[in-house]
Amino acid sequence: MICMYLDPADEAILAGEQGETRQKMLEILVALGKVFGAERLVPIKSAQVSGASYKTIGEHGLAWLASLDARAVVPAVLNPIGMPRGRWQEMGVDPAFAEKQQAVIAAYERLGVRLDCTCTPYYLYQTGYGDHLAWSESSAVSYVNSVIGARTNREGGPGALAAALVGKTPCYGLHLAQNRHPKIVIDVNTGTREWSIAHYGALGYHAGKLVGNRIPYFRGIAPDKDRLKALGAAMAATGAVALYHVEGVTPDAKRYRYDCTGLETITVEASDIERLFVEIPVDAVAVGCPHCSSAELATIARLLSGKTVKKPMYVFAAQGVIDANLTVVQAIELSGARVYADTCMVVSPVMEQYSAIMVNSGKALAYVPDMCGAVARIGTIEECVAVATS
Ligand code: F3S
């Protein structure tokens, strides 16, 4: 077994000199490091902590959080919770659930975790190339590794929280450059139609099933950041992809110009993606998985301009992004659609009232059936707005 190097400060924490909670948290990190062969801990710039919705952690998770007594020593952001903190009554959240969710939030706040409650903290906090992080939400992990070039493994909620409270994480896996090389090539033939964000989500949905946990190297596509976000989120949902590269687009692919000679190569045709766009009746529309960027909010506002929604339409974004786009958000809500922070179509129990939900996200396409008990349909944002307003 590899022996992990711990510096004197780590040893002091392990000896209990900074309290029982921090001692336990470092024990978790050391145990993880030993399992995965880490030789040392690495200081992190930030943590992103999943296990935030009472819907997913339940009473047991709440009791564990309430038992901890320490504060985060690096910026730590919470994942989406089961309701918008300021508008849960309007969204129709059960007061009994809201009370439990408030208790979860209070427990994290006591631990010094910021209550941004988003899967897109990279819109709110500066994250740079080469930064070591301990993030846990799979789409956020994929984005920062692939699109920004930061370094994080896909942490479990307790591992990310432990890293936040200690300020370090075991240095293994995607923290090491030699483990970030592509393992499979995906040649994409997009055909003649320009691909929307939803098409990239569908590509991720399809590709994730093919690659499993291998690091894919895409050729033949040139997505912008919102499309990359959709691609990575979906691949992390149907596969276990925490990092991918796109030739000539993503930072590691540009920097290292990986030699993919000899790697298994698969081809994805436009028809493989188009067949996922199945027209079925739905009773609600939900977009913002992952949470919307400013550009996505602007597109939704433009498409809804002068229209009224006839079906419930939910838009999800980080509170900080909403605050930076208040005029746009007001324009969206003028249509009757609702823009909610802190939560999403997958982690909010409110979405369980619907039998079929239309989304523009490959990740939501994968998760809505199991997490909401509803049939999921994917369409472009134009198609989502058309369905919501007709
Ligand atoms: Fe974010 Fe919820 Fe989708 S956490 S990635 S909006 S499932």
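Cut-off values and rules
Residues numbered from 1 in each chain as written. Predicted model: local features only at pLDDT ≥ 70, side-chain atom pairs only at ≥ 80, totals over all residues. Heavy atoms only, no water. Near = heavy atom within 4 Å. 1 Å grid on protein atoms, 1.4 Å probe; cavity = no way out; pocket = protein on both sides within 12 Å on 5 of 7 lines; lining within 4 Å. Sits in = over half its atoms within 2 Å of the grid points. Nonpolar A, V, L, I, M, F, W, Y, C, P; charged D, E, K, R; others polar. Helix = DSSP H or I, 4+ residues; strand = E, 2+ residues; numbered from the N terminus. Buried < 20%, exposed > 50% of the residue type's maximum accessible area, 1.4 Å probe, protein only. Pairing = 2+ DSSP bridges. Right-handed = clockwise from strand over helix to strand, strands pointing away. Phe/Tyr/Trp six-rings, centres within 6.5 Å; stacked < 30°, edge-to-face > 60°. Points joined across faces, edges and corners; volume = space filled by probe spheres on them.

Quick look at the site of the ligand
Around the ligand, the structure places Pro80, Cys119, Glu137, Ser139, Gly288, Cys289, Pro290, Cys344, Val346 and Lys363. One can see that the ligand is located within the largest pocket. Along the lines of polarity and charge, the residues of the shell around the ligand split into 6 nonpolar, 2 polar and 2 charged.

Brief notes about the environment of Leu32
With respect to the element layout, Leu32 can be found in helix α2 (residues 20-36). On the basis of relative accessible area, Leu32 is assigned to the partly exposed category, the value being 25%. For the pair Leu32 and Arg227, spaced 195 residues apart in sequence, the C-alpha to C-alpha distance is 33 Å.

Some words on unusual backbone geometry
With an omega of -5 degrees, the peptide bond running from Cys289 to Pro290 counts as cis. Tracing the backbone through its elements, the reader meets Pro290 in the loop between β10 (284-287) and α12 (294-304). Despite not being glycine, Cys117 has its phi angle at roughly 50 degrees, a positive value. Here Cys117 is to be found in the loop between α5 (95-110) and β4 (133-135).

Quick look at the pairing of strand β11 (residues 313-316)
Burial along β11 is two-sided: the face carrying Met313 and Val315 and the face carrying Tyr314 and Phe316 are both buried. Across 3 bridges, the pairing between β10 and β11 is parallel. Across the sheet, residue Val287 finds its bridge partner in β11, namely Val315. With respect to chirality, the unit in which β10 leads through α12 into the neighbouring parallel β11 is right-handed. Strand direction decides the pairing type here: β11 and strand β12 (residues 338-340), joined by 3 bridges, are parallel. Bridge pairing links Phe316 to Tyr340 in β12.

Examining the sheet that holds strand β6 (residues 184-189)
Pairing in this open sheet of 4 strands is parallel, and the strands run β8-β7-β6-β9 from one edge to the other. Two strands bound the open sheet, and with one partner strand each, they are β8 (245-246) and β9 (264-269). For β6 and strand β7 (residues 216-219), the ladder comprises 4 bridges, and the chain directions are parallel. When the sheet's bridge partners are listed, Asp187 is paired in β7 with Arg219.

Considerations on the environment of Ala318
Along the chain, Ala318 falls in the loop between β11 and α13 (319-323). You can call Ala318 buried: its relative accessible area is 0%. In this structure the C-alpha to C-alpha distance between Ala318 and Asp116, which are 202 residues apart in sequence, comes to 6.9 Å.

Focus on the environment of Val35
Its location among the elements puts Val35 in helix α2. On the basis of relative accessibility, which here comes to 64%, the residue Val35 falls in the exposed class.

Topic: the packing of aromatic side chains
Scanning all chains against the criterion turns up 11 aromatic pairs. On the numbers, 5.7 Å between centres and 35 degrees between planes, the contact of Tyr256 with Tyr258 is tilted. By relative accessible area, Tyr258 is classed as buried at 10%.

Overview of the layout of surface pockets
Counted as a void, the largest pocket has a volume near 440 Å³. Lining the largest pocket are 24 residues; nearest its centre among them are Asn79, Glu137, Val347, Lys363 and Tyr367. No other element matches helix α15 (residues 362-372), which puts 4 residues into the lining of the largest pocket. A per-class count over the lining of the largest pocket returns 10 nonpolar, 9 polar and 5 charged.

Considering the pairing of strand β14 (residues 375-378)
Relative to β14, strand β13 (residues 356-359) is paired through 4 bridges, and the arrangement is parallel. Within β14, the residue paired with Ile357 across the bridge is Ala376. Tracing the backbone out of β13, into α15 and back to the parallel element β14 gives a crossover that is right-handed.

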